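# Overview (structure and organization)
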Amino acid sequence: MDSIISDSYAVHFNEQAFSALNTHLAEKKYSTIFIMVDENTHELCLPNFMAELNGDYAFEIIEIESGEINKNIETCVGVWEALSELGADRKSLLINLGGGVLTDMGGFIASTFKRGIDFINVPTTLLSMVDASVGGKTGIDLGALKNQIGVINQPVMVLVVPDFLDTLEDRQVKSGFAEMLKHGLIQDKDYWHSLKEAKNLEDMKNHILTSIQIKNEVVLQDPTEQHIRKILNYGHTLGHAIESYFLENESKEMLLHGEAIAIGMILEGYLSQKLLDLPQEAMEDIKKTFLDRYDKVEFSDTDIDNILNLMKYDKKNSHGKINFVLLKSIGEPKFDVEIPVTLFTEAFAYYKL
């Protein structure tokens, strides 16, 4: 399979990706084409990307600083100003070449510049390929609070080229793999077990298509996250709070997204066992699988209190209630579950064991 058709666009793979892009550029005849990169993708990915393009197009390169800490309105203002100074108009195109931070933010920048210009996402990390490539979520952080500002808006197309993953350090690869493991937990027990056998990047590459298909099928049923799409947030309610806390706390080493949601999935596995009778064996399987791949993080009582306080800002909350996705069994999720406050401390105690 060379393409997956989503709501109003296609996700193209490998050679088909550049073929589709070249065809699109030839047909659309954009007034100007901008490519947004960070310092890493500028050096490691942009030359290979440009080499695959046909036609004599004039490109402008806009570089931003990498990292979640730069996913903010100040960075957006800088890019909006650059677009204006470089003559961008409503017939311009923005190509976002980078990981989830860059594609999230690039989509938001394009969606709001002159009330919206076309954008194409080219995810270069495993996380962005299996997560940010589908769904049309764009956005930025508000301080340390994740994804508080944004819109749902679809790209023209998404290009998935797994060879870009060869430029990543192992920690970044493992961060993305956490989202793939989540797809198994919420949708497909057999997929969960097959992912556990993955030993290296090449093994993981073989599963990218399946993960994108799983997410795409969920998003197609619920594009604006009113019901079933919420299951994609398994591990994220606590995971995002943990990620935000470690991002804003200078005494802590920052956690990558996948590292934080891996912890969230262990914690929410415990909550699932307590509230939805997730089998004990499944709960232990979840914990062992993630701790075999991700280092255990130390949490003090103060850390836990601060993390729980951050959860009240989660964008999935409504009417003052914190809503969770939990598991009845592996592959069988339930969304909009309210949690008794006392269980949070128990969940962290379970993680620490």
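A brief report on the enclosed structure follows.

Reading guide: rules and limits
- Residues numbered from 1 in each chain as written.
- Predicted model: local features only at pLDDT ≥ 70, side-chain atom pairs only at ≥ 80, totals over all residues.
- Heavy atoms only, no water.
- Helix = DSSP H or I, 4+ residues; strand = E, 2+ residues; numbered from the N terminus.
- Rg over C-alpha atoms; globule rule 2.2 N^0.38 Å.
- Buried < 20%, exposed > 50% of the residue type's maximum accessible area, 1.4 Å probe, protein only.
- Contact = heavy atoms within 4.5 Å.
- Areas by Shrake-Rupley, 256 points an atom, 1.4 Å probe, with all protein chains shown as cover.
- Lys, Arg positive; Asp, Glu negative; His and termini not counted.
- Charge placed at Lys NZ, Arg CZ, Asp CG, Glu CD.
- Core = buried A, V, L, I, M, F, W, Y, C linked by side-chain atoms within 4.5 Å.
- Patch = residues over 30% accessible without salt bridge, like charges linked within 9 Å, V, L, I, M, F, W, Y side chains within 5 Å.
- Salt bridge = Lys/Arg side-chain N within 4 Å of Asp/Glu carboxyl O.
- Expected span 1.5 Å × (residues − 1).
- Polar contact = N/O pair within 3.5 Å; in protein donor to acceptor, adjacent residues only side chain to side chain.
- Axes fitted to C-alpha atoms, helices over the stretch in contact; angles between N-to-C directions.
- Left-handed = near helix turned anticlockwise from the far one by under 90°.
- Nonpolar A, V, L, I, M, F, W, Y, C, P; charged D, E, K, R; others polar.
- 1 Å grid on protein atoms, 1.4 Å probe; cavity = no way out; pocket = protein on both sides within 12 Å on 5 of 7 lines; lining within 4 Å.
- Points joined across faces, edges and corners; volume = space filled by probe spheres on them.
- Pairing = 2+ DSSP bridges.

## Considerations on the overall build of the protein chain
Secondary structure assignment for the protein chain yields 15 helices and eleven strands. Taking 353 residues into account, the globule formula puts the C-alpha radius of gyration at 20 Å, and the protein chain, at 20 Å, falls close to it. Counting only C-alpha atoms, the protein chain reaches 60 × 40 × 35 Å along its principal axes. For the protein chain, the residues scored as buried account for 57% of the 353 residues in total. Here the contacts in the protein chain between residues at least 6 apart in sequence split such that 77% fall between residues at least 24 apart. Looking at the protein chain as shown, the accessible area adds up to about 15100 Å², and 47% of this sits on carbon and sulfur atoms. With 32 positive and 55 negative side-chain charges, the protein chain shows a separation of 6 Å between the mean positions of the two kinds.

## Things to note about the nonpolar core
Residues Phe-49, Ile-208, Ile-242, Leu-271, Phe-290 and Phe-299 are the most contacted members of the largest nonpolar core, which totals 98 residues. In terms of residue count, helix α12 (residues 257–276) provides more of this core than any other element does, ten residues in total. Residues contacting Phe-290, with those up to four places away along its chain left out, are Leu-181, Leu-185, Trp-192, Ala-262, Met-265 and Ile-266. Counting 19 residues, the second-largest nonpolar core is a separate cluster that includes Ile-64, Cys-76, Phe-119 and Ile-140.

## Quick look at a positive patch on the surface
Taken together, the side chains of Arg-90, Lys-91, Lys-114 and Arg-115 define a basic patch exposed on the protein surface. Among the structural elements, Arg-115 can be located in the loop between α5 (100–112) and β6 (118–123).

## Details of helix α4 (residues 73–85)
Under the 1.5 Å per step criterion, the end-to-end length of α4 is 18 Å for 13 residues, consistent within 8% with the ideal 18 Å. Buried residues in α4 make contact with β3 (33–38), β4 (59–64), α5 and β7 (140–142). Measuring from the backbone nitrogen of Glu-74 back to the side-chain oxygen at the start of α4 gives 3.2 Å, which picks out Asn-72 as the cap. Gly-87, located one to two residues past α4, shows a positive phi value of around 85°.

## Examining the packing of helix α7 (residues 170–187) against α12
Taken N-terminus to C-terminus, the directions of α7 and α12 make an angle of 35°; their axes are 7 Å apart at the nearest point. For α7 against α12, the interelement crossing comes out left-handed. Of α12, the residues touching α7 (which contributes Arg-171, Ser-175, Ala-178, Glu-179, Lys-182 and Leu-185) are His-257, Gly-258, Glu-259, Ile-261 and Met-265. For the contact of α7 with α12, a count of residues per class yields four nonpolar, three polar and four charged.

## As for empty space enclosed by the protein
With the rule as written, the count across this model stands at two cavities of 30 Å³ or more. Of the pockets and cavities examined, the second largest cavity occupies roughly 70 Å³. Elements supplying a minimum of two residues to the lining of the second largest cavity: α5 and β6. Per element, the largest residue contribution to the lining of the second largest cavity is three residues, and it comes from α5. Its residues assigned to classes, the lining of the second largest cavity comprises five nonpolar, seven polar and two charged.

## Some words on the side chain of Lys-287
Looking at where Lys-287 falls in the secondary structure, it is placed in helix α13 (residues 280–293). Glu-284 is the oppositely charged side chain nearest to the buried, salt-bridge-free Lys-287, at an N-O distance of 5.4 Å. For Lys-287, the contacting residues outside a window of four places in its chain are Ile-266, Tyr-350, Tyr-351 and Leu-353.

## Thoughts on a negative patch on the surface
A contiguous patch of negative charge, built from Asp-2, Glu-15, Glu-52 and Asp-163, is present on the exposed surface. Within the secondary structure layout, Asp-2 lies in the segment before β1 (3–5). You can call Asp-2 partly exposed: its relative accessible area is 49%.

## Describing the pairing of β3
Burial runs high along β3: six of the six residues are buried. Of the two faces of β3, both are covered, the one formed by Ile-33, Ile-35 and Val-37 as well as the one formed by Phe-34, Met-36 and Asp-38. The pairing of β3 with β4 spans six bridges and is parallel. Paired with Met-36 across the bridge in β4 is Ile-62. Of the pairings in the sheet, the one linking β3 to strand β5 (residues 93–98) comprises four bridges and is parallel in character. By the bridge assignment, Phe-34 is partnered in β5 with Leu-94.

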